[in-house]
Amino acid sequence: MENYTQVEQTVKEILAKQVKMDVANIKPESSLAEDLRMDSFSAVETAFDLEEKFGIQIPNEALSNVKTVKDIVDYIFGQIQNKTSV
Amino acid sequence: MLNERRVVITGLGIVASNGVGTEAFWQANKKGVSGTDTLTRFDHRDLESKVASEVKNFDPTEFMPSDVAERVDRFVHFGLTCTQMAVADSKLDLSNEDRYRVGSIIGSGLGGLLFHEEQMMQAYQRDTLRLNPACVPRITPNAVASHIAIQYGVLGPNIVISTACASGAHAVGEAFRKIQHGEMDLCISGGAEAPLTVFTFGAYNRLRVLSKRNGSPQEASRPFDLNRDGFVLGEGGAVLILEELEHALKRNAPIYAELTGYASNSGGHHIVMPDPDGADASRVMSDAIKDAGISSDDIDYINAHATSTGANDRCETKAIKAAFGKRAYDIPVSSTKSMIGHTIGAAGAIEAAVCALAIKDRFVPPTINYKDKDPDCDLDYVPNVGREAKLDTVLSNSFGFGNCNACLIFSKLNE
C-alpha cells in the first residue's frame, strides 16, 4: 500500500501534467482554481486520471469539495485506506 | 453581385500514404507511386480485404505541440498537420489578419473513430464510469475544425461537413461560396480522415466494397480497369488556403490557381449505390461548369471520383459522356485513388489539391494499375504514365455514399 508521501507525489505529477506546470511548483497548499488555474473540464480530466491511477471512484460531490492539492491527497489517501481495510 | 469576389488557392498542405508534405506527395503522384500495401495497423486475420493505404513515418508532434497531439484523434493529427503546412506555404501571418474574417471549414466523413472504438470497448467490457471524460470532444467530427481554430486563433466560421466520400469537396466548395459571398476573406478548408481501425475497416469489409487483391497490394486500387474489385481504404488529409483574390494580391501571396466553380446535388437514389444512369453526376458537373461561367469545351482535365468499384467507375464514365458528349473521349480523366486509396472524407480535398498542383505544374497525373479495358469504361484514363499538358481549367468530381455529389472547377489565374 502506498504511504501518504507517495500518494502526494503521484497526485502532484498528475496535476503537473494536466496544468502544464513544473511538479516542483505544485505545493500542498496550492489552490486548484487560483494557483493551478484549473477549469471544470481539467478537473474532470484529472479526476479520471486519479481514478485510473488509484483504482478508486471519485463522485461529483467529492470533486466539488476539493479546493487545494492537499484536499485531493487527503481524499485519495482516505479512499485507499478504506479500500484496503474492507 | 453574387459572383463578384474571386477566390484563389494560396497554400496547400497534404498528408497521404504516398507522401507526407505537398512536394513529396506531388512527385509521387507524377511518377505514379502507390501508397498501398498490406494492412499493418492491426491484426487482420479474419478480414477478406487485407490491403490499405496507411500513412507511415508520420510523427504528429513535428507539426503541433505534444500535449495537443496526445489529446486528439488521428484524424485531427492530419487536419492540424495539413493546416501547419498550408499556412506556411501560403506565407500567411494570421496575426496580421482580422481573424473574424478567417474560417475553418473541414470535411470528415467519420470523425474520431480510433478513440471511439477503444472507448466503446471500455464501456461494454468494463463499465461506463470508466469512460474517458474527453470522449465527447475527442470523438466528435467537428473536433478537427475546432482544434484548427483554437491552434491558429481563427474566429470566423468553424464548420465540419460530413457527406461521406464527398466531405472534403463539399468543405472546399462551401468555403468558396462563403468567401465569394463576402462572409469571410480567408479559409482553412479541406478534409481529414483516419478510418483504419478495426471496427470501421471491418464494416467497409462487410459492405463488400474493399479490394481483395491481397497478393499484390500495390495493384489493388485499379480504377476503370476491367478487373477492378473494389476500393482500398486509405487515410490522410489536405488543407487548401482559400483566399479572396484582392486580399491575396495585396499581400503578394503565392497563387496556385483560382477556384471558379462549384455545384452540389443529390441522386436521391440509394444509400450506397450510384444512380446507374449517372444523371445526378452528369448534372452536378454541368452545374459546376455553369457556375464557373464557362462551357464544357473549356475543361482540359477531369480528376475523377474513380474509386475502383465496378459501379462507381462505370456510372461516372457514363456521366462524363452525358455531360461532355463526343468531347468526353478527348479529355484526360485520371484517378488519384489509384495511388492513395480512398481516404473517404479527405478524398475530395486531396483531389482538389491535386487539381491546383496540376494547373500550376502543367501536368496530368496518371491512373495507375490500368491494364485491361472495360467495354463500359472507354475514356482516356491517362493509363499508368502521367503527361505534361497545358491546363487552363480542370474539374474534380466527388460522389459520397447516399448520393452526396460535389463538383469543383479550378482555373489558371487570369488576372
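Below or above, wherever it landed, is the structure these notes cover.

## Points about the overall build of chain B
Step number 1: In terms of regular secondary structure, chain B is built from 13 helices and 15 strands.
Step number 2: In terms of overall dimensions, chain B is globule-like: its C-alpha atoms have a radius of gyration of 20 Å, near the 22 Å expected for 415 residues.
Step number 3: The principal-axis extent of the C-alpha atoms belonging to chain B is close to 60 × 55 × 40 Å.
Step number 4: Here chain B, with 415 residues, has 62% of them falling under the buried criterion.
Step number 5: Here the analysis covers contacts within chain B between residues at least 6 apart in sequence; of these, 79% occur between residues at least 24 apart.
Step number 6: Accessible surface computed for chain B: about 15500 Å², of which carbon and sulfur atoms make up 50%.
Step number 7: Charge-centre separation for chain B: the mean point of 41 positive side chains lies 2 Å from the mean point of 52 negative side chains.

## Topic: the overall build of chain A
Step number 1: A count of helices and strands for chain A gives 4 helices and 0 strands.
Step number 2: Order of helices (α) and strands (β) in chain A, N terminus to C terminus: α-α-α-α.
Step number 3: Counting all 86 residues of chain A, 41% fall into the buried class.
Step number 4: Relative to all contacts within chain A whose residues are 6 or more apart in sequence, the contacts with residues 24 or more apart total 58%.
Step number 5: For chain A, the exposed surface amounts to about 5000 Å²; the carbon and sulfur share of it is 50%.

## What about helix 6 (residues 143–152) of chain B?
Residues and elements named next belong to chain B.
Step number 1: The buried fraction of helix 6 is high, at 7 of 10 residues.
Step number 2: Buried residues of helix 6: Ala 143, Val 144, Ala 145, Ser 146, Ile 148, Ala 149 and Tyr 152, and no others.
Step number 3: For helix 6, the elements touching its buried residues are helix 3 (74–89), strand 5 (102–107), helix 5 (135–139), strand 6 (158–161) and strand 7 (186–193).
Step number 4: Gly 153 sits one or two residues past helix 6 and shows a positive phi near 65 degrees.

## Points about the packing of helix 1 (residues 22–31) of chain B against helix 13 (residues 347–361) of chain B
Residues and elements named next belong to chain B.
Step number 1: Where helix 1 contacts helix 13, the two axes come as close as 11 Å, and the packing angle between them is 75 degrees. It follows from the interaxial angle that helix 1 and helix 13 lie roughly perpendicular. Contacts between helix 1 and helix 13 involve Thr 22, Phe 25, Trp 26 and Lys 30 from the first element and Ile 350, Val 354, Leu 357, Ala 358 and Asp 361 from the second.

## Details of the interface of chain B and chain A
Step number 1: In this assembly, 12 residues from chain B lie in contact with 12 residues from chain A.
Step number 2: In total, about 950 Å² of surface goes out of reach between chain B and chain A, with carbon and sulfur atoms giving 42% of it.
Step number 3: The three residues of chain B that bury the most area against chain A are B:Arg71, B:Arg130 and B:Pro133, which together make up 56% of that side's buried surface.
Step number 4: Along the contact surface separating chain B from chain A lie 5 salt bridges.

## Looking at the pattern of salt bridges
Residues and elements named next belong to chain B.
Step number 1: Using the criterion set out here, one finds 27 salt bridges over all chains in the structure.
Step number 2: The residue Asp 374 makes a salt bridge to Arg 228 at a minimum N-O spacing of 2.9 Å. Of this pair, Asp 374 sits in the loop between strand 12 (363–364) and strand 13 (387–388) while Arg 228 sits in the loop between helix 8 (198–206) and strand 8 (236–244), and the two are 146 residues apart along the sequence.
Step number 3: Between Asp 392 and Lys 390 there is a salt bridge, and its shortest N-O distance comes to 2.8 Å.

## Looking at the nonpolar core
All names here are of chain B.
Step number 1: One finds Ile 9, Leu 12, Leu 240, Leu 242, Leu 408 and Phe 410 to be the most contacted residues of the largest nonpolar core, which totals 47 residues.
Step number 2: Broken down by element, this core gets its largest block of residues, 10 residues, from helix 13.
Step number 3: Those residues in contact with Leu 242, other than ones at most four positions away along the chain, are Val 7, Val 8, Ile 9, Val 172, Ala 175, Phe 176, Ile 179, Asp 185, Leu 186, Cys 187, Ser 189 and Leu 259.
Step number 4: Of all hydrophobic cores here, the second largest spans 33 residues; its members include Val 15, Phe 63, Tyr 152 and Leu 186.

## Description of the packing of aromatic side chains
Residue and element names in this part refer to chain B.
Step number 1: Scanning all chains against the criterion turns up 7 aromatic pairs over all chains.
Step number 2: With a centroid separation of 3.8 Å and an interplanar angle of 10 degrees, the aromatic rings of Phe 224 and Tyr 381 are classed as stacked. Residue Phe 224 is found in the loop between helix 8 and strand 8, and its partner Tyr 381 is found in the loop between strand 12 and strand 13; the two are separated by 157 residues along the sequence. For the pair Phe 224 and Tyr 381, a shared accessibility class is recorded, and that class is buried.
Step number 3: For the ring pair Tyr 370 and Tyr 381, a centre distance of 6.0 Å and an interplane angle of 40 degrees mean the geometry is tilted. Note that Tyr 370 is positioned in the loop between strand 12 and strand 13 and Tyr 381 in the loop between strand 12 and strand 13, a separation of 11 residues in sequence.

## What to know about the pairing of strand 9 (residues 257–266) of chain B
Successive residues of a regular strand alternate their side chains across the two faces of the sheet.
All names here are of chain B.
Step number 1: Extensive coverage of strand 9 is indicated by the burial of 8 of its 10 residues.
Step number 2: Of the strand pairs in this sheet, strand 1 (residues 7–16) and strand 9 are connected by 3 bridges, and their pairing is antiparallel. Within strand 9, the position partnered with Val 8 by the bridge is Glu 258.
Step number 3: Bridge analysis of strand 9 against strand 15 (residues 404–411) gives 8 bridges, and the strand direction is antiparallel. Note that in strand 15 the partner of Ser 264 across the bridge is Ala 406.

## Comments concerning helix 2 (residues 40–54) of chain A
An α-helical segment advances 3.6 residues per turn. Residues three or four places apart therefore align on the same side.
Step number 1: End to end, helix 2 of chain A covers 21 Å across 15 residues, agreeing with the expected 21 Å (1.5 Å per residue, within 8%).
Step number 2: Along helix 2 of chain A, the positions that sit buried rather than exposed are A:Ser42, A:Glu45, A:Thr46, A:Ala47, A:Phe48, A:Leu50, A:Glu51 and A:Phe54.
Step number 3: In this fold, the buried residues of helix 2 of chain A make contact with helix 1 (4–19), helix 3 (60–65) and helix 4 (69–85) of chain A together with helix 2 (66–71) of chain B.
Step number 4: Here helix 2 of chain A starts with a cap whose side-chain oxygen sits 3.2 Å from the backbone nitrogen of A:Phe41, and that cap is A:Asp39.
Step number 5: At the exit of helix 2 of chain A stands A:Gly55, carrying a positive phi of roughly 65 degrees.

## Notes on unusual backbone geometry
Residue and element names in this part refer to chain B.
Step number 1: Look at Ile 344: it is not a glycine, yet its phi comes out positive at around 50 degrees.
Step number 2: Structurally, the position occupied by Ile 344 is in the loop between helix 12 (337–340) and helix 13.
Step number 3: Look at Ile 344 and you get buried, because its relative accessible area is 1%.
Step number 4: Of note, Arg 362 is a non-glycine position whose phi angle comes to about 50 degrees, a positive value.
Step number 5: Along the polypeptide, Arg 362 turns up in the loop between helix 13 and strand 12.
Step number 6: Judged by its relative accessible area of 41%, Arg 362 falls in the partly exposed class.

Conventions we followed
Residues numbered from 1 in each chain as written. Chains lettered and ligands numbered in written order. Predicted model: local features only at pLDDT ≥ 70, side-chain atom pairs only at ≥ 80, totals over all residues. Heavy atoms only, no water. Helix = DSSP H or I, 4+ residues; strand = E, 2+ residues; numbered from the N terminus. Rg over C-alpha atoms; globule rule 2.2 N^0.38 Å. Buried < 20%, exposed > 50% of the residue type's maximum accessible area, 1.4 Å probe, protein only. Contact = heavy atoms within 4.5 Å. Areas by Shrake-Rupley, 256 points an atom, 1.4 Å probe, with all protein chains shown as cover. Lys, Arg positive; Asp, Glu negative; His and termini not counted. Charge placed at Lys NZ, Arg CZ, Asp CG, Glu CD. Axes fitted to C-alpha atoms, helices over the stretch in contact; angles between N-to-C directions. Parallel < 35°, antiparallel > 145°, perpendicular 65-115°, else oblique. Buried area = accessible area lost by both parts, 1.4 Å probe. Salt bridge = Lys/Arg side-chain N within 4 Å of Asp/Glu carboxyl O. Core = buried A, V, L, I, M, F, W, Y, C linked by side-chain atoms within 4.5 Å. Phe/Tyr/Trp six-rings, centres within 6.5 Å; stacked < 30°, edge-to-face > 60°. Pairing = 2+ DSSP bridges. Expected span 1.5 Å × (residues − 1). Polar contact = N/O pair within 3.5 Å; in protein donor to acceptor, adjacent residues only side chain to side chain.

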